[in-house]
Amino acid sequence: MVCGNPNLSAVVDKHGPELEKILGKSVEDVWAETHQYWQERDPAVLELATRDSKYQMGLVFRWYLGKSSRWAIEGQPDRVLDYQIWCGPSMGAFNSWVAGSYLEQAEHRKVDQVALNLLEGATHISRAHQARKCGVPVPAEAFNYIPRPLSV
């Protein structure tokens, strides 16, 4: 029984093998790590977890979420399918920027191509801005850089 919570134990009994496949270890082991973490930081969280099995399972899932970004940062090869890269709205902005361009297709999104296009685009737009500040009439389309294949 995980942390003495019969409701959570029922979930583990029913879905244990699936959860362990995803977590990479037993739910009991994950809960032990999670328990130790919260014991050191905020024991009140553990009190709530003992009363609410859904909250306790949520903490187990938060363990996975926290670890998945760390596995990606550390490049752990045995957890490559679990990597999570947190990016927020920047990924959506990037996808909007590359829509209809060379970089729209994922196979073209190599680090060097993305970096060169970001630098080229920033330079292009900065020059247009500087020219406009100097009184040069600059058309609006000069501020719209479209990514393209660039050589290194």
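Criteria and thresholds
The numbering scheme is per chain: residues are counted from 1 as the chain's sequence reads. Restriction of local features to residues with pLDDT of at least 70 applies here, the model being predicted, together with a cutoff of 80 or more for giving and counting side-chain atom pairs; totals for whole chains, interfaces and linings are based on all residues. Values shown for side chains rest on all heavy atoms present in the structure; no hydrogens or waters enter the calculation. When a carboxyl oxygen of Asp or Glu lies within 4 Å of a side-chain nitrogen of Lys or Arg, that pair is called a salt bridge. Under the scheme used here, helices are H or I runs from DSSP no shorter than 4 residues and strands are E runs no shorter than 2 residues, and both carry numbers assigned from the N terminus. Residue burial is assigned from relative accessible area. The probe radius is 1.4 Å, only protein chains are included, and a residue is buried under 20% of its type maximum, exposed over 50%, and partly exposed in between. On a range of 0 to 100, pLDDT expresses the predictor's confidence in each residue. Only the stretch in contact is used when a helix axis is fitted, and all axes are lines through C-alpha atoms; the angle between N-to-C directions ranges over 0 to 180 degrees. When an angle is under 35 degrees it counts as roughly parallel; over 145 it counts as roughly antiparallel; between 65 and 115 it counts as roughly perpendicular; any other value is oblique. Should any heavy atoms of two residues lie within 4.5 Å, those residues are counted as being in contact.

What follows is about the pattern of salt bridges. Tallied over the full model, the rule gives five salt bridges. Two residues, Lys 67 and Glu 33, come together in a salt bridge whose shortest N-O distance is 3.9 Å. One end of the pair, Lys 67, is in helix H4 (residues 53-74); the other, Glu 33, is in helix H2 (residues 27-41), and 34 residues separate them in sequence. Residue Glu 33 is classed as partly exposed on the basis of its relative accessible area of 29%. The partner of Glu 120 in a salt bridge is Arg 148, and the shortest N-O contact between them spans 3.2 Å. With a gap of 28 residues between them, Glu 120 in helix H6 (residues 111-133) and Arg 148 in the segment after H6 connect regions that are remote in the sequence. For Glu 120, a relative accessible area of 33% corresponds to the partly exposed category. Salt bridges here are not isolated pairs; linked through shared partners, they connect Lys 25, Glu 33 and Lys 67.

Our next topic: the confidence of the model for the chain. Chain-level pLDDT for the chain is 92 on average; 95% of the residues reach the 70-or-more range. Here helix H1 (residues 6-23) stands out as the least confident element of the chain, with mean pLDDT 83; H6 is the most confident, with 97.

Next up on the list: the packing of H2 against helix H3 (residues 43-51). H3 packs onto H2 with a crossing angle of 135° between their chain directions and a minimal axis gap of 6 Å. Judged on the interaxial angle alone, H3 and H2 are oblique. Contacts from Trp 31, His 35, Trp 38, Gln 39 and Arg 41 of H2 reach H3 at Pro 43, Val 45, Leu 46 and Ala 49.

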